[in-house]
Amino acid sequence: MDLAQQWEKPQLSLLGTRALLFEAPGPLGLENQQRIWALAEYADGLPGLAESVPGMNNLMLVFATPPEEPEQLFTQLLSQWRLNQRKTLRGKTVELSVHYGGEFGPHLRDVAEHSGLSVSEVIARHSAPLYPVYALGSHPGYCYLGNMDPRIATPRRQTPLISIPGGAVSIGGLQTGVSASAGPSGWNTIGHTDFIFFDACARPPVTLLPGDNIVFNAVGVSA
Amino acid sequence: MLAMAELRQIALKMRRSGLRDIEIAGNHYRIRLRCDPADRAANPPAAPPPVAASPPADRMITAQRPGIIWFTHPLNDRVMTKPGDTVAAGELIALLGIGQLLLPVYSPQAGMLRRQCVANGSVVEYGTELIALSQGQ
Amino acid sequence: MIVIEKTTPLSSVQDLGRAGGLHYGVGTAGAMDPLALQLGNALLGNAPNAAAIEIPLFPVQVRFTDDCCFAVTGHDGRVMLDDVMLPFWWSAQARKGQRLTLHASSRITRAYLHLPGGIDVPEVLGSRSTQLRGEFGGFQGRGLHSGDRLRAAAPQQGGPVGFGIMPPWSALGVANTPVPMIRVLPAAEYDIFTEVSCRAFWHQAWHITPQSNRYGYRLSGEPLIAKVPLEMRSHGIVPGVIQVPHNGQPIIQMRDAQPSGGYPKLGTVIDADMWLLGQIPVGSQVRFIQVSYQQAREAGRQQLAYLQNAIAQIACHRRYAG
């Protein structure tokens, strides 16, 4: 159940004394994300905040020092949100070659089973859209993408896996994404790509930024 | 900065020599010592000790500054030394806690630790006897 | 310079962590016990953020290839310089050729080995901490192996050694509780858990499973049940966030955790207790206690005051001793 669709207004909560979380109401979409980007830019100018971290239609604000009255900050952010400002970012579109299924796509059948579709339909629906990069997070260079076909949405796994390799193409809930390096994951891994997302020595260190777009191109399938 | 040991030496010399007042100034400090003449009358300089024919007496290891004495580490009660232990010269035998600091108390010479004179975790003053060290093997 | 002679690959170079990279997906990394890091740095006259070697598994043995002072903080395991046992939370002088061996403690996990000026490794994206996922920062972006050589950033930095400090376990009164109590602020999804589950969270002693590490502490106990199964959108998180995946067993996000996640959050461990959590051994138990935002903020202030006071006392002693 996607709680956010039922909210009438944004939800604000605290992450200890270190950060606050602002979650936009309504269906997951690009318009909300553009409003989040605008809110992040507004927050960057506020005293006492160390960093703005957009997520999927949400925003985490990390405190430099914990504010005395977080409620005041909540009110301020809600007022700013109601101004309905949007930040449109126009970036590049990048094509990722993907090999679906097989050894590096162990959960492709689980996704097919959950959605009631055939494996080739899952692949077709996954590789059809243009995916905007909403935000980076999770691990260095990882892109959170919007626009996944809800027909292939699959819940995160019961127990997260200790490690999946870099380049793993996965689905978690309503979202899809590609791992930029090896690490743990609770998502359903359906394929693999060789694309490089991160270089610690480059400026910026990431290849893709919010406002860029990805398309997946199926170059191979293993049953 | 003058250490307490140096001040004690100066005070002893003052008493023996008859000097009444002395003032010492350093970079960030000034110290004044006054020796009360009545004190000198009541405590004349000691006669030299007789030549010892019996085995040497226990040497008392004393606190070099005020603080809290630890024979077992305050974190986990691990015993550092206990009566009966043989120690070498310069060996760590206890810790002296001053505020957050823990300073070492080293044995001045080789010997056997005879008895602890104060309880573990006690507050001690400059000169408090901490532990008796039997001299010789 | 030191040469690592024995280590597990879990030893790594850490400072206080990497800031400003969350929006690139770069987490903070950094020492699991930031108090030990800063106090050890103070013992040698280092900047508070100088890098040290964090050691969670033992024995670890290093050989000094030059005369060098050093300090060991964090745990209360045996510290041997050749065949002489040193007190813990202590600074000392090593001569060329001497070997330092660190052994495990049964109740405090991690030790920190400090060198003058800190460990000399390049700064990457503003920090010398090791970023394991992505393999950069620290010593070549990885844990340490035998044969690795590490340098002190300021080998000539002098000052008195041969003294120590009261560990935070004693100074903050933590050593007295048999099962450590960790303070937690409820998070956004606290109310989606059943009342029975919420009570169980606060009342039971949770077991820290062997699958716990710098990424996260996986706890086991009575499962926590949500009133409705939730699919959450990925959102930013910080170390200390307690996530509850579908199996109902909480995971506390630690220093190497992903900077974002999508599992329901029951609460967040307060910043002031993260050092303690980072030192509680795998296989032991932990309990949680609820606090308010203001209490958490006050705890942070008190801890900062303690730390600044201890660092000032050490600096004063270094200036006037010897």
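Residues numbered from 1 in each chain as written. Chains lettered and ligands numbered in written order. Predicted model: local features only at pLDDT ≥ 70, side-chain atom pairs only at ≥ 80, totals over all residues. Heavy atoms only, no water.

## Focus on the overall build of chain B
Our working definition: Going along the chain from the N terminus, every DSSP run of H or I of four or more residues is numbered as a helix, and every run of E of two or more is numbered as a strand. Partly exposed residues are those whose accessible area sits between 20% and 50% of the maximum for their type, while under 20% is buried and over 50% is exposed, using a 1.4 Å probe and protein chains only. Contacts between residues were defined by any pair of non-hydrogen atoms, one from each residue, lying within 4.5 Å. Note that accessible areas follow from Shrake-Rupley with a 1.4 Å probe, and for residues the cover is restricted to the protein chains shown.
Looking only at helices and strands, chain B has two helices and ten strands in total. Its helices and strands taken in sequence order, chain B reads α-β-β-α-β-β-β-β-β-β-β-β from the N to the C terminus. In chain B, buried positions account for 28% of the 137 residues. Across chain B, the fraction of contacts at a sequence separation of at least 24, relative to all contacts at a separation of at least 6, is 55%. Roughly 8,600 Å² of accessible area belongs to chain B as shown, and the carbon and sulfur atoms make up 54% of that amount.

## Some points on the interface of chain C and chain B
It is common to give the size of an interface as the accessible area that goes away when the parts come together. Applicable threshold: Buried area is understood as the total, over both parts, of accessible area removed when two parts are fitted together, assessed with a 1.4 Å probe. Polar contacts, as counted here, are pairs of nitrogen or oxygen atoms within 3.5 Å of one another; within protein the pair requires one atom able to donate a hydrogen and one able to accept it, and residues that are adjacent in sequence qualify only if both atoms are side-chain atoms. By the convention used here, strands pair only if DSSP detects at least 2 bridges between them.
At the interface, 26 residues of chain C touch 16 residues of chain B. In this assembly, chain C packs against chain B so that about 1,700 Å² is buried in total across both faces, 65% of it on carbon and sulfur atoms. Contact with chain B buries surface across chain C, with C:Phe88, C:Met166 and C:Gln313 losing the most and accounting together for 30% of the total. Counting across the interface, chain C meets chain B through four residue pairs in polar contact (both at pLDDT 80 or more). When residues of the side of chain C that touches chain B are traced back to their parent elements, those giving at least two are β7 (84–86), β12 (164–165), α2 (168–171) and α5 (293–320) of chain C. A total of six residues in the side of chain C that touches chain B trace back to one element, the largest contributor, which is α5(C). Looking at chain direction, strand β7 (residues 101–106) of chain B and β12(C) are connected through two bridges and run antiparallel. Counted as the bridge partner of B:Leu102 is C:Gly164 from β12(C).

## Describing the packing of helix α1 (residues 34–44) of chain C against α5(C)
All names here are of chain C. For clarity, the threshold we go by: Interaxial angles span 0 to 180 degrees and are taken between N-to-C directions of axes, which are lines fitted to C-alpha atoms, for helices over the stretch in contact. Here is the rule for angles: anything less than 35 degrees is roughly parallel, anything more than 145 is roughly antiparallel, 65 through 115 is roughly perpendicular, and the remaining ranges are oblique. Handedness of a crossing follows from how the near helix is turned relative to the far one, being left-handed for an anticlockwise turn of less than a right angle and right-handed for a clockwise one. Gly falls in the polar group here, along with every residue not listed as nonpolar (Ala, Val, Leu, Ile, Met, Phe, Trp, Tyr, Cys, Pro) or charged (Asp, Glu, Lys, Arg).
It is at 8 Å that the axes of α1 and α5 come closest, and there the two elements cross at 15 degrees. Looking at the two axes, α1 sits roughly parallel to α5. Seen along the crossing, α1 lies across α5 with a hand that is right-handed. Here Leu35, Gln38, Leu39, Ala42, Leu43 and Leu44 of α1 lie close against α5, whose contacting residues are Gln303, Tyr306, Leu307, Ala310, Ile311, Ile314 and Arg318. A class-by-class count of the residues in the contact of α1 with α5 yields ten nonpolar, two polar and one charged.

## Topic: the domain arrangement of chain C
Residue and element names in this part refer to chain C. Our working rule: Domain delimitation in this document rests on an assignment produced automatically or drawn from a domain database. What makes a salt bridge here is a side-chain nitrogen of Lys or Arg within 4 Å of a carboxyl oxygen of Asp or Glu, nothing more.
Under the domain assignment used here, chain C contains domain 1 (2–166) and domain 2 (181–291). The centre of domain 1, based on its C-alpha atoms, is set 28 Å off from the matching centre of domain 2. Carbon and sulfur atoms make up 49% of the area that domain 1 and domain 2 hide from each other, which totals about 1,500 Å². At the surface where domain 1 touches domain 2, the tally comes to one salt bridge. A salt bridge links Arg214 to Glu54; the shortest N-O distance between them is 2.7 Å. Counting every contact that joins domain 1 to domain 2 gives eleven residue pairs in polar contact (both at pLDDT 80 or more). Class assignment for the residues of the side of domain 1 that touches domain 2 results in eleven nonpolar, ten polar and five charged.

## What about the sheet that holds strand β14 (residues 206–208) of chain C?
Backbone-to-backbone hydrogen bonds pair the strands of a sheet. The strands run either parallel or antiparallel. All names here are of chain C. A barrel is described by the order of its strands in space; here seven strands give the closed sequence β13-β20-β17-β18-β15-β14-β21, paired in mixed fashion. For this sheet the average axis-to-axis angle between neighbouring strands, irrespective of direction, equals 40 degrees. As paired strands, strand β15 (residues 216–220) and strand β18 (residues 251–253) are joined by three bridges and run antiparallel to one another. Of the residues in β18, the one forming a bridge with Arg218 is Ile251. Strands β13 (181–186), β14, β17 (241–243), β20 (265–269) and β21 (285–290) of the sheet are contacted by helix α3 (residues 195–203), whose axis makes an angle of about 120 degrees with β21.

## Re the interface of chain C and chain A
On the side of chain A, 61 residues touch chain C, which itself brings 50 residues to the contact. Considering only the side of chain C, the residues that lose the most area to chain A are C:Tyr24, C:Arg133 and C:Arg233, jointly responsible for 19% of the buried surface there. Here chain C is connected to chain A by one salt bridge. Summed over the shared surface of chain C and chain A, the number is 21 residue pairs in polar contact (both at pLDDT 80 or more). Among the secondary structure elements, those contributing two or more residues to the side of chain C that touches chain A are β13, β16 (235–236), β19 (260–261), β20 and α5 of chain C. For the side of chain C that touches chain A, a count of residues per class yields 24 nonpolar, 17 polar and nine charged.

## A closer look at the arrangement of the chains
The chain pair with the greatest number of contacts, out of two pairs of chains in contact, is formed by chains A and C. There is no contact between chain A and chain B; across them, the least C-alpha separation is 27 Å.

## Some words on the confidence of the model for chain B
So the rule is basically this: Each residue carries a pLDDT score, the predictor's own confidence in it, on a scale running from 0 to 100.
Mean pLDDT over chain B stands at 81; residues scoring 70 or higher make up 80%. Strand β9 (residues 123–124) of chain B holds the highest mean pLDDT among the elements of chain B, 96, whereas helix α2 (residues 37–42) of chain B holds the lowest, 57.

## Side note on the side chain of C:Arg318
Residues and elements named next belong to chain C. As a reminder of what qualifies: The charged-residue count follows a simple rule in which Lys and Arg add positive charge and Asp and Glu add negative charge, with His and chain termini not counted at all.
Structurally, the position occupied by Arg318 is in helix α5. Buried charge Arg318 goes without a salt bridge, the closest partner of opposite sign being Asp67 at 16 Å. At 2.9 Å, the side chain of Arg318 forms a polar contact with the backbone oxygen of Gly158. With residues up to four places along the chain from it excluded, the contact list for Arg318 reads Ala42, Leu43, Leu44, Gly45, Gly158, Gly159, Pro160 and Phe163.

## With respect to helix α2 (residues 70–82) of chain A
Residues lying three or four places apart along an α-helix face the same way, a consequence of the helix completing one turn every 3.6 residues. Heads up, the rule is: Any helix carries an expected span of 1.5 Å times its number of residues minus one. Arc, as used here, means the arc of the directions from the helix axis to the C-beta atoms.
Here α2(A) contains 13 residues, and its C-alpha end-to-end distance of 19 Å stays within 8% of the 18 Å for a straight helix at 1.5 Å per residue. Those residues of α2(A) that sit buried are A:Pro70, A:Leu73, A:Phe74, A:Leu77, A:Leu78, A:Gln80 and A:Trp81. The arc that holds the buried residues of α2(A), viewed along the axis, is 160 degrees, so those residues lie on one side. Opposite its buried face, α2(A) presents the exposed residues A:Glu71, A:Gln72 and A:Arg82, each directed more than 90 degrees away. Residues of α2(A) that are buried sit in contact with β1 (11–15), β2 (19–23), α1 (30–44), β3 (49–54) and β4 (58–63) of chain A together with α5 of chain C. Downstream of α2(A) by a residue or two, A:Asn84 has a phi angle that is positive, lying close to 55 degrees.

## Thoughts on the nonpolar core
Residue and element names in this part refer to chain C. Note the threshold: Nonpolar core, defined: a set of buried Ala, Val, Leu, Ile, Met, Phe, Trp, Tyr and Cys residues in which side-chain atoms within 4.5 Å join the residues together.
In this structure, Phe201, Ile252, Leu277 and Phe288 are the most contacted members of the largest nonpolar core, which totals 56 residues. Counting residues per element, this core draws most heavily on α1, which supplies seven residues. A domain-level breakdown of this core finds at least three residues from each of domain 1 (2–166) and domain 2 (181–291). Those residues in contact with Ile252 that sit more than four places away from it in its chain are Tyr215, Gly216, Tyr217, Leu219, Gly240, Val241, Ile242, Val269, Leu277 and Phe288.

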